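# Breakdown of the fold
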Amino acid sequence: MSSSTTARTARRRTLRLAAATLVAAAGLTLTACSGSNAADAKSAGHTNSAAADSSASGWSGLQSTDSKAEVKASVASKQSGSGRAAEGGKAASTSRTQRLADGISTAEITKLGDQHYRAKIVARGSVLATLETKGHDDGLDANDMFVTLTLDGQVHSWMGGGHQGPGTFQLAGGWTAKVTKAGELKYRAQIIGHDGVAATLETKGHDVGLNANGIYIVLSSGGVISAHA
């Protein structure tokens, strides 16, 4: 082989090696860059994910805290409202006291609901009897003192004027009472007006009362009937 040919072959090998070196170097550079970018991307992605998780966690925490705070506030508001409602209820049903006809007893009247009242008859600090309206008037014969409690919470009392049944009796206000005995401690009184029987009172072991157009009537479990205007 001639010297010129040998030189050319050496140069080709040198160029191939150089090219291979450059390609390898480029490949390493690209790999390094790619790895770095991938790492950065991965790192960035992880960081963003963590940040997102942290943000979501933080928001969730804030929401949870706010929610708890709102719940507590709501409960407190409801409790406060309930308290006011309860207080308002108590205020609406506060007892009032009324002196009765005997001059000794009093009636402590309490509103329990719509047309629902209770009256405790008290004398010398002791409760002697209780009247209560439950869809109808109530009445009491307390040793010849007669007391009625009406659906609107009004108490009326008077002394005497009783008639012992059975029998037919003229009452105040132009009413007639026909009293019959229906059993032990059980009497019935038909309250009769110009148009016939307007109402019927019946004792079933306890006294009863009635407001008959402003005439207050009591029928006792012993058959005594009395009326007062």
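The structure under discussion appears in the preceding block.
This structure is a prediction, so every number in the text was calculated from the model and none was measured. (Residues numbered from 1 in each chain as written. Predicted model: local features only at pLDDT ≥ 70, side-chain atom pairs only at ≥ 80, totals over all residues. Heavy atoms only, no water.)

This brings us to the overall build of the protein. If you tally the helices and strands in the protein, you get one helix and 15 strands. Sorting the 229 residues of the protein into buried and exposed places 25% on the buried side. Long-range pairs, those at least 24 residues apart, make up 32% of the contacts in the protein with a sequence separation of at least 6. Accessible area for the protein stands at about 14,100 Å²; split by element, carbon and sulfur atoms hold 54% of it. (Helix = DSSP H or I, 4+ residues; strand = E, 2+ residues; numbered from the N terminus. Buried < 20%, exposed > 50% of the residue type's maximum accessible area, 1.4 Å probe, protein only. Contact = heavy atoms within 4.5 Å. Areas by Shrake-Rupley, 256 points an atom, 1.4 Å probe, with all protein chains shown as cover.)

Here we come to the pairing of strand 13 (residues 208-212). Counted residue by residue, strand 13 has four buried out of five residues, so it is predominantly covered. Relative to strand 14 (residues 215-219), strand 13 is paired through five bridges, and the arrangement is antiparallel. Looking at the pairing, leucine 210 lines up with isoleucine 217 of strand 14. What sits between strand 13 and strand 14 in their antiparallel hairpin is a turn of two residues, with asparagine 213 showing a positive phi close to 55°. (Pairing = 2+ DSSP bridges.)

This part covers the sheet that holds strand 10 (residues 176-183). The four strands are arranged 9-10-11-12 in an open sheet whose pairing can be described as antiparallel. A strand with exactly one partner marks an edge of an open sheet, and here the two such strands are strand 9 (167-170) and strand 12 (196-202). Within the sheet, the average angular offset between the axes of one strand and its neighbour, ignoring direction, is 25°. Here strand 11 (residues 186-193) pairs with strand 12 via six bridges, running antiparallel. When the bridges of strand 12 are listed, glutamine 190 appears paired with threonine 200. (Axes fitted to C-alpha atoms, helices over the stretch in contact; angles between N-to-C directions.)

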